[in-house]
Structures are given as structure tokens and as C-alpha cells.
Amino acid sequence: MKKLLLILLLIGVASFGCRQEQVITQLEVGRSKLLNAGLSLEAVGHLERAEHEEKNKVEPRALLILAYSNAISTGAAKTHNVEARYQTERDRRVGELGEFEMKKILQILGERHRVQKDAIQVLVDKGAPAVPFVLEDLVKDRYHSVHDDFIQILQEIGSPAINDILKAAGDSNTPPSVKILLVRIVGSIGDASAATGLEALQNATTDEGLKMEVNTALYLLGDGGSEGKIVEGLTDANPTVRRAAAKSMMFLKEHPTDKLVAALGDSDDTVRMDVAKALRKYPDAGAVDGLVAILTDGSSLSTKQVAIDTLNQYAENGMADGLAGRLIVLLANPEVVNHEDRLRIVQLLKKPALVKQIEEADQYDNLPHKLDLYFRETETNDMVKDALNELLLALEPGEDLESED
């Protein structure tokens, strides 16, 4: 038994000794200081040594260019009189960035660290050679949480990215949703030379939604003839086409408000949301009924919020007379069973323009009294009652109206 204990003790000591001999590498220290602590100046020294020590140079080189970039962008390099050296090193290394370093930077970007903006700028500065790798991650849905950053990179690279983007948009392996995204990016870049490629894509695809997206991109590139097609798409039987057309309404110089107002009743939630956004840019008093209807229909929270924002803008601009009274009637309607809908109605009523309407309404309507009566006798949800209490306090300063037991 004693021999067994002695053997176990010796094994433990040997194991402890092995652990003591483990060495933290310069790469690990540099990575931690840069990505976890944002200490780019300190990280540079460790990463420069790591570049010499590590057999695989990919990660230290990717991290090092980000460390130089971060030290420059934060002003730390200038403060410590190393900005010129860091800028020279950064410029040289941007030119030398290879496939694996770029993929590593994209991976780091997907992890969302302190160097996010610096990683974006490095890839933008690399330009066209970075585009295939950004597109690959978009098409394969890698690092989904930073796809907006990928879009920004492609947009800022601009014209040099167009050919690769159009090629990916026409590839049968690219998901339809990504094809639509890529066409929108081309439209946002605004290079008229892309028109030929867009037309070729439009002729080659059978996807009606993608065809409509191409119409929008062509319109943004100066093709006025696409406008009529976009407007027609707002009433197409295919919901994908209607979605594309509705999203495009924000860009049209001549906005068909009558069709926009009618589209507020579309069966598709995304269409209703984008139309409500367009009606904020191109206001029309005739849209009030449709916008109010959205507040209590089956629309998503996002669509309802857009409707609220648009209605508030109309009230501020004197385009929704009597809206406060309508909302109070709607609030008291027993068919509005969802307390979250009632809460949003009250939150809209709390906006200064609506409060002003309540205060200036005809005394015969007595809107504050109707709200108070509803508050005391009808509403049962605590969140709605709290919001109502705040509204009533705003209407009657100094009077604290609490719910009765």
C-alpha cells in the first residue's frame, strides 16, 4: 500500500513538473492583448516576435496587420511616435496579404472583437483580391452575424468588385436570397458599367423576384425605363416580386402614392413594412387609415413600429387631424385583445404631437376624460395602465392617477 502511494505521489510530482514547463507563446500573448484587451501597441511587440518564431505565419501576420491598423486608428501609434513605421508596415503588408491571411481576418471579423473596424478597413484597402473570399462567406452563410460588415466591404471596394459579384449572383450554387442581396449591392455601388452584366443576369434567370431586383438596380444606375416595371410589380401575384417592388419604392423619383396606399393592405408583412417606410418618405394623408389598421392586424412588431413612426410624422406635420381621437376609440375597442397592441397605441398617444391633439380637441369630445375612464374602468394590463398613467399625468400635471383597488 505504501509503495502504491509513493508511485502515485511521484506521478503527481512529474505531472506538475510538466505543467510547469508549459510555455505561453508570443502569439498567444499578442492575440490576447490585441483581441481581448485592445492593447495594440503592446500586442505589436509580441506579434512581431511571433512572426519569427511560429512555423505557420498566417495567424501572426493577420493579427499583426490588425495591430498596426488599430494602433494607427486609435491614435496610440501617433502618441508614441511610431505612426510612420506602423503605417509603412501596414501598407506593405496590405499589398502582401495572401488568401489564408485574408480568410483569417474574415474569421476574426466574424468573432466580433475590438478591432472590427480595422479588419473591415484592411479588406477594403486590399480591394478586388479580397472580394472572392468575402463572397464565399456570404454564399456559404459563414459568420452570419457580420454579413452587414461584408456588405459594407463590398460596397466600399466598389467598381472593382462588380464582376465577381455578378458572377456569384449568376451562379446556380448561390442561394436565391443571396443573389437578391448581391444585386442590391451592385445597385448601391452605382457604376453604370454594371448595366450590361445586370441585363445578362436578368435574361438568364427564371426567378421573377430576382428579375424585379435587377429592375431596381438598373433604375439606380440611371435606367428610367425600369420605373414602370417596378410600379407594376407592386400588384404582382408573386409575393417575392411585390416585396422587391415595395423595397424599391424608396428610390423612385415619381412615387405612385395611390398604389402605395393600397399596398398597405397587402397580405405580405414585408410588403406592408416597406410600403409604410416609403410613405414616410413620400407622405400622403390618404395613408392614415391603412397605417392605423396595421397597428392591430397580424403585422410583425417591426411593421407595426414603422406604422407608428409614420403616423407620428404625419401628426407632427399636420397631416393626421383627429388621429388622437381615433386612437382612443381604437384603444377602447374590445376587439383589440392583444395588450401589446394597446400598449403601442398608448405609446403613440404619448408623442408630443398626439398629446397636443388631445389637449386641443373640442371640449365636447373630452378626450382626457375618455382616457381616464378607460384607465380606471376597463384596462387590466399593468404595463398598459402604467403607460396610460404617464399619459394622463402629461395631460394633467400634478395629478397622480393610480389604479384603484
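Here the residue numbers are simple positions, counted from 1 along each chain's written sequence. Totals for whole chains, interfaces and linings use every residue, but because this is a predicted model, local features are given only for residues with pLDDT of at least 70 and side-chain atom pairs only at 80 or more, for both listing and counting. Neither water nor hydrogens contribute to the side-chain values; these are computed over all heavy atoms in the structure.

> Explain the overall build of the protein chain here, please?
In terms of helices and strands, the protein chain carries 25 helices and zero strands. Using C-alpha atoms as the atom set, the radius of gyration is obtained and then compared with a globule rule of 2.2 Å times the number of residues to the power 0.38. Taking 405 residues into account, the globule formula puts the C-alpha radius of gyration at 22 Å, and the protein chain, at 30 Å, lies well above it. In terms of principal-axis extent, the alpha carbons of the protein chain reach across some 95 × 70 × 55 Å. Burial classification: accessible surface area is computed with a 1.4 Å probe over protein chains only, and a residue below 20% of its type maximum counts as buried, one above 50% as exposed, and the rest as partly exposed. Going through the 405 residues of the protein chain one by one, you find that 45% of them count as buried. Methods summary: accessible areas were calculated by the Shrake-Rupley approach with a probe of 1.4 Å, and residue burial reflects only the protein chains presented. Accessible area of the protein chain: about 20,900 Å², with a carbon and sulfur share of 51%. When charges are tallied, Lys and Arg are placed among the positive residues and Asp and Glu among the negative ones, while His and the ends of the chain are skipped. Throughout, a charge is located at the NZ atom of Lys, the CZ atom of Arg, the CG atom of Asp or the CD atom of Glu. Charge centroids of the protein chain, computed over 46 positive and 65 negative side chains, lie 10 Å from each other. We count a stretch as a helix when DSSP gives it H or I for four or more residues in a row; a strand needs E for two or more, and each element gets its number in order from the N terminus.

> Looking at this model, I keep getting lost on the packing of aromatic side chains. Mind explaining?
For any pair of aromatic rings, geometry is given as the distance between the ring centres together with the angle between the planes. Pairing of aromatic side chains here covers Phe, Tyr and the six-membered ring of Trp, requires ring centres within 6.5 Å, and sorts the geometry by plane angle: under 30 degrees stacked, over 60 edge-to-face, intermediate tilted. Under the defined criterion, the tally for this structure stands at one aromatic pair. A positively charged side chain is recorded as over a ring if its NZ (Lys) or CZ (Arg) lies within 6 Å of the ring centre. The angle to the ring normal must also be within 35 degrees. Geometry around phenylalanine 375 places lysine 385 over its ring, the cationic atom sitting 5.1 Å from the centre.

> I'm lost on the nonpolar core in this one. Help?
For soluble globular proteins, nonpolar side chains are generally found buried alongside one another. Residue types Ala, Val, Leu, Ile, Met, Phe, Trp, Tyr and Cys, when buried and joined through side-chain atoms within 4.5 Å, form a set referred to as a nonpolar core. Ranked by internal contacts, the top residues of the largest apolar core, which has 64 residues, are Leu34, Leu66, Ile105, Ile153, Ile165, Leu182 and Leu198. Here, residues are in contact when the closest pair of their heavy atoms is within 4.5 Å. Filtering out sequence-adjacent residues up to four positions away, isoleucine 165 remains in contact with Leu135, Leu154, Leu182, Ile185, Val186 and Ile189. Within the second largest apolar cluster, 59 residues are counted, among which are Ala244, Leu291, Tyr314 and Leu348.

> What is the right way to read the packing of helix H21 (residues 323-331) against helix H23 (residues 352-360) from this model?
Helix packing geometry: the angle between the two helix axes and the distance between the axes. Where H21 contacts H23, the axes come no closer than 8 Å and their chain directions differ by 90°. In terms of orientation, H21 lies roughly perpendicular with respect to H23. Between H21 and H23, the contacting residues are Leu323, Ala324, Leu327 and Ile328 on the first element and Leu354, Gln357 and Ile358 on the second. Here the contact of H21 with H23 is composed, by residue class, of six nonpolar, one polar and no charged. Note on definitions: angles span 0 to 180 degrees between N-to-C directions of axes, and those axes are lines fitted to C-alpha atoms, for helices only across the stretch in contact. Relative orientations are named as follows: roughly parallel for angles under 35 degrees, roughly antiparallel for angles over 145 degrees, roughly perpendicular for angles from 65 to 115 degrees, and oblique for any other angle. Gly is put with the polar residues, along with every residue not named as nonpolar or charged; the nonpolar set is Ala, Val, Leu, Ile, Met, Phe, Trp, Tyr, Cys and Pro, and the charged set is Asp, Glu, Lys and Arg.

> For this particular structure, what's the right way to read helix H13 (residues 195-204)?
Since the α-helix turns once every 3.6 residues, residues separated by three or four places project in the same direction. When H13 is considered as a whole, its buried residues turn out to be Leu198, Leu201 and Gln202. Take H13 and look down its axis: the buried residues cluster within an arc of 100°, on one side only. Away from its buried face, by an angle of more than 90 degrees, H13 presents the exposed residues Thr196, Asn203 and Ala204. Packing partners of the buried residues in H13 comprise helix H11 (162-169), helix H12 (176-189) and helix H14 (208-220). This arc is built from the directions going out from the helix axis to the C-beta atoms.

> Sorry if this is basic, but what is going on with the side chain of aspartate 149 here?
Residue position: aspartate 149 is located in helix H10 (residues 147-157). When its relative accessible area of 13% is taken as the criterion, aspartate 149 is described as buried. Sequence-distant contacts of aspartate 149, that is, excluding residues within four places in its chain, are made with Leu109, Arg112, Gln116 and Ile120.

> I keep staring at the packing of helix H8 (residues 116-126) against H10 and nothing clicks. Help me out?
Where H8 contacts H10, the two axes come as close as 9 Å, and the packing angle between them is 35°. Read as a crossing pair, H8 and H10 show a hand that is right-handed. Along its contact with H8, which presents Gln116, Ile120, Gln121, Leu123 and Val124, the element H10 presents Asp149, Gln152, Ile153, Glu156 and Ile157. Tallied by class, the residues present in the contact of H8 with H10 amount to five nonpolar, three polar and two charged. When the near helix sits turned anticlockwise from the far one by under a right angle, the crossing is termed left-handed; a clockwise turn instead gives a right-handed crossing.

> Help me understand the environment of leucine 221, please; the structure alone is not making it clear to me.
Within the element layout of this structure, leucine 221 appears in the loop between H14 and helix H15 (226-233). Given the relative accessible area of 13%, leucine 221 is considered buried. Beyond its immediate stretch of four places on either side in the chain, leucine 221 contacts Val186, Gly187, Gly190, Asp191, Ala192, Ala194, Ala195 and Leu198.

> Could you clarify how one ought to interpret the pattern of salt bridges in this entry?
Think of it this way: side chains of opposite charge can pair up when their charged atoms draw near. We count a salt bridge whenever a side-chain nitrogen from Lys or Arg sits within 4 Å of a carboxyl oxygen from Asp or Glu. Summed over all chains, the structure comprises 24 salt bridges. A salt bridge links glutamate 51 to arginine 93; its shortest N-O distance comes to 3.0 Å. Placement of the pair is glutamate 51 in helix H3 (residues 40-53) and arginine 93 in helix H6 (residues 83-96), with a sequence separation of 42 residues. Here the two residues glutamate 51 and arginine 93 agree in accessibility, since each one is buried. Close ionic contact of arginine 142 with glutamate 136 constitutes a salt bridge, the shortest N to O distance being 3.2 Å. The class of arginine 142 is partly exposed, set by a relative accessible area of 29%. What emerges from the salt-bridge pattern is a single network uniting Glu51, Arg61, Glu89, Arg92, Arg93 and Glu96.

> Explain the environment of serine 302 here, please?
With respect to the helices, strands and loops of the structure, serine 302 is situated in helix H20 (residues 301-316). Taking the C-alpha atoms as reference points, serine 302 and methionine 212, separated by 90 residues in sequence, lie 24 Å from one another.

> So what exactly am I meant to see when it comes to helix H7 (residues 99-111) here?
End to end, H7 covers 19 Å across 13 residues, agreeing with the expected 18 Å (1.5 Å per residue, within 8%). Burial in H7 covers these residues: Glu101, Met102, Lys104, Ile105, Leu106, Ile108, Leu109 and Gly110. Of the surrounding elements, those touching the buried residues of H7 are helix H2 (26-36), helix H4 (58-73), H8, helix H9 (131-139) and H10. After H7 finishes, the residue arginine 112 shows a positive phi value of roughly 60°. Take the number of residues in a helix, subtract one, and multiply by 1.5 Å to get its expected span.

> Explain unusual backbone geometry to me, please; I cannot follow it from the model alone.
Phi at aspartate 141 takes a positive value of approximately 60°, unusual for a residue other than glycine. Of note in this structure, asparagine 366 is not a glycine but carries a positive phi near 50°. With relative accessibility at 37%, the residue asparagine 366 sits in the partly exposed group.

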